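# Observations on the three-dimensional arrangement
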Amino acid sequence: MDFANLSAQLNAGAILPEGIVIITLLVTLVWDLIVGRSSTKVTPYVAIVGLLIATGTLFLQWDTTEPISFLGSFNGDAISLIFRGIIAISAAVTIPISIRYVEQSGTSLAEFITILLTATVGGMFLSGADELVMIFVSLETLSISSYLLTGYMKRDPRSNEAALKYLLIGAASSAIFLYGISLLYGLSGGETRLSAITASIISNGLDESLGLVIALVFVIAGIAFKIAAVPFHQWTPDVYEGSPTPVVAFLSVGSKAAGFALAVRLLVSAFPLVSDQWRFVLTALAILSMVLGNVVALAQTSMKRLLAYSSIAQAGFLMIGLIVGTDAGYSSMVFYLMIYLFMNLGGFACVILFTLRTGTDEINEYSGLYQKDPLLTLALSICLLSLGGIPPLAGFFGKIYLFWAGWQAGAYGLVLIGLITSVISIYYYIRVVKTMVVKEPQEMSEAVANYPEIQWNLTGMRPLQVSIVVALVFTSLAGVLANPLFNLATGSVSKTPMLQATEPMTPVVSQAPEQLPMPTVESVDL
Amino acid sequence: MNLAEGVQIVSLGVLAFLMLATSLGVVLLDNIVYSAFLLGGVFISISGLYILLNAGFVAAAQILIYVGAVNVLILFGIMLVNKRQDFTPVRNAWLGKAATAIVCFGLFALLSTMVLATAWPISSGPIAGDAALVEIGKHFFSDYLLPFELASVLLLMALIGAIVLARREFLPEEMVDSTDEVLTLPERRRELTSTPRQ
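Keep in mind that this is a model prediction, so the values were computed, not measured. (Residues numbered from 1 in each chain as written. Chains lettered and ligands numbered in written order. Predicted model: local features only at pLDDT ≥ 70, side-chain atom pairs only at ≥ 80, totals over all residues. Heavy atoms only, no water.)

### Observations concerning the overall build of chain B
When helices and strands are counted, chain B shows 7 helices and 0 strands. Each helix and strand of chain B, ordered N terminal to C terminal, gives the series α-α-α-α-α-α-α. Expressed as a percentage of the 198 residues in chain B, the buried residues total 20%. Restricting to contacts in chain B with at least 6 residues of sequence separation, those with at least 24 account for 43%. Summed over its atoms, the accessible surface of chain B is roughly 15,100 Å², and 71% of this surface lies on carbon and sulfur atoms. (Helix = DSSP H or I, 4+ residues; strand = E, 2+ residues; numbered from the N terminus. Buried < 20%, exposed > 50% of the residue type's maximum accessible area, 1.4 Å probe, protein only. Contact = heavy atoms within 4.5 Å. Areas by Shrake-Rupley, 256 points an atom, 1.4 Å probe, with all protein chains shown as cover.)

So this is what it looks like as structure tokens:
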């Protein structure tokens, strides 16, 4: 195979967005090396611009006809494009909210951004990886940079503890995942491309074997760790509490989106022979996540732990879309992820701002915040209410679409549990809002009573303000003006051959998104 | 059975025994230094198995990377930490150990049933032998090109992360009352941004 022939076959244009992120990463690193510490004035903005350009090139590839590249290692189909976009945007929103936090903690910003961008590259490659080796290498790129980010504040013992816990549990789950995919390699007689594995297993006559089920269970254990589904969630509260808050924001959105992308691709294209089994296992995980996440969140006193359990519960909701496996199911999952990106990052941005000003993240300390900082109160309230699913906000429409898709596909039990647990979730989200808004002036907490004067002109505060406002606007309006997002989500599913080839459980109901029948509005609207 | 097959079976038995014995030693011995050296033994016996499987390159890589780098690093880590601390015995520790043993045996039984019950498709192609190196190289630059290149990004980030974790940070309060400044390297002070609370 000569070079010209090979380079023509590679179709390297499909990984242009990742290439742009890698170049941004190198520019950040080298610029910091040349300029020194004053580089922090420039590097975050370079990184944000690079990520936005990468997102733009993802849009340009929307109508691509040749998604397969690198001889089958990478598949840049529409569903991977949308997940890569979600990951890139979540990193682009995480960087502005982290500038002030990193500066104030006295650690260096350029290395933080470099590691964050590497995590983004890992997540983006994972969304499109179509071959076992590629999946594992990109998964490790994402995981190892996440461990480093978790332990980045190394003077803080809580950050060290979180990093060590995350590293140990993560390494164990990676090992289990690797064992699972090695079984897949053995069963298919040495095939590593996902699209070829099933055919190869059938031709070897192993489609009923015990090995396939064990491989499935091990692979699901690895994926469930990444998306923090119960019972693989134990790391989540401790890691979320201990690690730097901007990192938590990225882990809860970017890393989780990458986990879902991996789940969709691996389960749909490599395990169609045991699809009933994986749907059953995931149903159990989804029910456990929704119930345990929401119920345990009720008892939390720390805001970061509350958001940790809330993110476990949100993973449960998202899994409904994956389990039903219809077109509407997948697109509702993608749609909810897009909305979840902004409402969750907005919530974390507000928590970061409050922590920077008062140095605490206890829920009690938020009481009476309304009198001192109306913008922060408004933004945090909107984001939390949207996470809970209160009607005019974006989260409500996302949840309704998910539950509607589940109901259409006949997953009545899952949808009912989802409805009941989201009513529970409204209680703990509203409790925070009530603490902030309703309290009388004399009940104001000490932290709020000593609230510093609001200064947006300090280093790194302006980007934080901008991202809070962007998340606020998006969360308020994305539900009402949801049509472009709906079209993106449905388009990404209908344009993906992998998702079209599989048999959906029920006939696909095509319907204009504006006229969604909403049989469940009353029960959510409590 | 000719001589070659006999030698292979005997060496398989010896290697398997060595591997099991050393790995049990890693887990069961109390002294961590012994465990670390026995871990090297595990890696070497695994590379012996690779040689029996005609995979000479993988065996060499196993010894170079695992014994030469990973295991030596573990030993360095143990020696640098140099902390002798006796564990206080936990009450009813046998309960946890018994539960672990049951789970491990259950998993072992499940996996060995699976391994024995599956009719593994075994490649009928010719054994590459010493030409394996060429084959691996071809794969690296054709169908495994992308993971190979991504690994370089991973290594770059691991390098940066290791430096971030290992470098000394300036600690203002320690600097004030530290008396032995002879042995410390001069470091530039990181300018902290003024916090609004001050």
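Text resumes after the structure shown.
### Let's talk about the overall build of chain A
For chain A, the helix and strand inventory stands at 23 helices and 2 strands. Relative to its length of 526 residues, chain A is compact, with a C-alpha radius of gyration of 22 Å against a globular reference of 24 Å. Scored against the burial criterion, the 526 residues of chain A give a buried share of 64%. Contacts spanning at least 24 positions in sequence make up 81% of the contacts within chain A whose residues lie at least 6 apart. In the form shown here, chain A has an accessible surface area of approximately 17,600 Å², with 66% of it arising from carbon and sulfur atoms. (Rg over C-alpha atoms; globule rule 2.2 N^0.38 Å.)

### Remarks on the side chain of serine 310 of chain A
In this fold, serine 310 of chain A is placed in helix α13 (residues 303-324). Excluding residues within four positions of it along the chain, serine 310 of chain A makes contact with Leu387, Tyr428 and Tyr429 of chain A.

### Quick look at the pattern of salt bridges
Residue and element names in this part refer to chain A. Enumeration according to the criterion identifies 11 salt bridges over all chains in this entry. We note a salt bridge from arginine 158 to aspartate 156, for which the minimum N-O separation is 3.7 Å. According to the relative accessible area criterion, arginine 158 is partly exposed, its value standing at 43%. When the shortest N-O distance is used, the salt bridge between lysine 165 and aspartate 238 registers 2.9 Å. Remark: aspartate 238 occurs in helix α10 (residues 235-242) and lysine 165 occurs in helix α7 (residues 157-187); sequence separation between them is 73 residues. (Salt bridge = Lys/Arg side-chain N within 4 Å of Asp/Glu carboxyl O.)

### A closer look at the state of the cysteines
One pass over the full model with this rule turns up 0 disulfides over all chains. Cysteine 350 of chain A supplies the cysteine sulfur nearest to cysteine 383 of chain A, a cysteine that is in no disulfide, at a spacing of 5.3 Å. (Disulfide = S-S within 2.5 Å.)

### Some points on the packing of helix α14 (residues 327-358) of chain A against helix α20 (residues 461-477) of chain A
Each packed pair of helices is defined by two parameters, the angle between the axes and the distance between the axes. Residues and elements named next belong to chain A. Where α14 contacts α20, the two axes come as close as 9 Å, and the packing angle between them is 140°. Relative to α20, α14 is oriented oblique. For the pair α14 and α20, the sense of crossing is left-handed. Contacts between α14 and α20 involve Met338, Phe342, Met343, Gly346, Ala349, Cys350, Leu353, Leu356 and Arg357 from the former and Met461, Leu464, Ile468, Val470, Ala471, Phe474 and Thr475 from the latter. Here the contact of α14 with α20 is built from residues that sort into 13 nonpolar, 2 polar and 1 charged. (Axes fitted to C-alpha atoms, helices over the stretch in contact; angles between N-to-C directions. Parallel < 35°, antiparallel > 145°, perpendicular 65-115°, else oblique. Left-handed = near helix turned anticlockwise from the far one by under 90°. Nonpolar A, V, L, I, M, F, W, Y, C, P; charged D, E, K, R; others polar.)

### Quick notes on the interface of chain B and chain A
Across the contact, 39 residues belong to chain B and 56 residues belong to chain A. Buried area between chain B and chain A, summed over both chains or domains, comes out near 4,100 Å², and the portion from carbon and sulfur atoms is 73%. Counting across the chain B and chain A interface gives 1 salt bridge. When the shortest N-O distance is used, the salt bridge between glutamate 111 of chain A and arginine 167 of chain B registers 3.4 Å. There are 7 residue pairs in polar contact (both at pLDDT 80 or more) connecting chain B and chain A. When residues of the side of chain B that touches chain A are traced back to their parent elements, those giving at least two are α4 (93-117) and α6 (145-166) of chain B. Across the side of chain B that touches chain A, the residue classes tally to 25 nonpolar, 6 polar and 8 charged. (Buried area = accessible area lost by both parts, 1.4 Å probe. Polar contact = N/O pair within 3.5 Å; in protein donor to acceptor, adjacent residues only side chain to side chain.)

### Regarding the nonpolar core
In a soluble, globular protein the nonpolar side chains are often hidden away together inside. Residues and elements named next belong to chain A. Counting 196 residues, the largest nonpolar core has Phe83, Phe177, Leu266 and Phe271 as its most contacted members. Looking at this core element by element, the count peaks at 22 residues for α14. Setting aside anything within four residues of it in sequence, one finds phenylalanine 177 in contact with Ile135, Phe136, Leu139, Phe218, Val219, Gly222, Ile223, Leu262 and Leu266. (Core = buried A, V, L, I, M, F, W, Y, C linked by side-chain atoms within 4.5 Å.)

### Remarks on the packing of aromatic side chains
Residue and element names in this part refer to chain A. Inspection of the entire model under this criterion finds 21 aromatic pairs over all chains. Plain terms: the ring middles of phenylalanine 396 and phenylalanine 397 are 5.2 Å apart, the flat faces sit at 80° to each other, and that makes the pair edge-to-face. Its relative accessible area of 6% is what places phenylalanine 396 among the buried residues. With a centroid separation of 4.6 Å and an interplanar angle of 50°, the aromatic rings of tyrosine 428 and tyrosine 429 are classed as tilted. For tyrosine 428, a relative accessible area of 0% corresponds to the buried category. Of the aromatic side chains, those joined through ring pairs into one cluster are Tyr147, Tyr166, Phe225, Trp235 and Tyr240. For arginine 279, the ring lying beneath its charged end belongs to tryptophan 278, and the centroid distance is 4.5 Å. We note arginine 357 situated over the ring of tryptophan 456; from NZ or CZ to the ring centre the distance is 4.9 Å. (Phe/Tyr/Trp six-rings, centres within 6.5 Å; stacked < 30°, edge-to-face > 60°. Lys NZ or Arg CZ within 6 Å of the ring centre and 35° of its normal.)

### Side note on the packing of α13 of chain A against helix α17 (residues 394-408) of chain A
Residue and element names in this part refer to chain A. Between α13 and α17, the least distance of the axes is 9 Å, while the angle of their chain directions is 35°. Note that α13 runs across α17; the crossing there is left-handed. Across the interface between the two elements, Phe317, Leu318, Ile320, Gly321 and Val324 from α13 touch Lys399, Leu402, Phe403, Ala405 and Gly406 from α17. Counted by class, the contact of α13 with α17 contains 7 nonpolar, 2 polar and 1 charged residues.

### Observations concerning the confidence of the model for chain B
Looking at chain B as a whole, the pLDDT averages 84, with 85% of positions reaching at least 70. Here the predicted complex scores 0.90 on pTM and 0.88 on ipTM. (pLDDT = per-residue confidence, 0-100.)

### Quick notes on the side chain of serine 174 of chain A
Residue and element names in this part refer to chain A. Mapped onto the elements of the fold, serine 174 is located in helix α7. Overall, serine 174 belongs to the buried group, its relative accessible area being 8%. In this view, serine 174 contacts Phe136, Glu140 and Tyr147; residues no more than four positions away in its chain are not counted.

### Describing the domain arrangement of chain B
Taken domain by domain, chain B comprises domain 1 (1-84) and domain 2 (129-169). Domain 1 of chain B and domain 2 of chain B are separated by 24 Å when their C-alpha centres are compared. (Domains from an automatic or database assignment.)

### What about the environment of alanine 196 of chain A?
As for its placement among the helices and strands, alanine 196 of chain A is situated in helix α8 (residues 194-203). C-alpha of alanine 196 of chain A to C-alpha of alanine 270 of chain A: the two residues are 74 residues apart in sequence and 8.2 Å apart in space.

### Let's talk about α7 of chain A
Residues and elements named next belong to chain A. With 31 residues, α7 ought to run about 45 Å at 1.5 Å a step, and its terminal C-alpha atoms sit 45 Å apart, in line with that. By the N-cap criterion, in which a side-chain oxygen at the helix start approaches the backbone nitrogen of a residue two or three places on, α7 is capped by aspartate 156, the distance to arginine 158 being 3.1 Å. Looking at the residues trailing α7, positive phi occurs at glycine 189, about 70°. (Expected span 1.5 Å × (residues − 1).)

### Thoughts on the confidence of the model for chain A
Taken residue by residue, chain A gives an average pLDDT of 89. The fraction at 70 or more is 94%. Contacts from residues 503-526 of chain A, a stretch scored under 50 in pLDDT, to residues over four places away or in other chains number 35 contacts.

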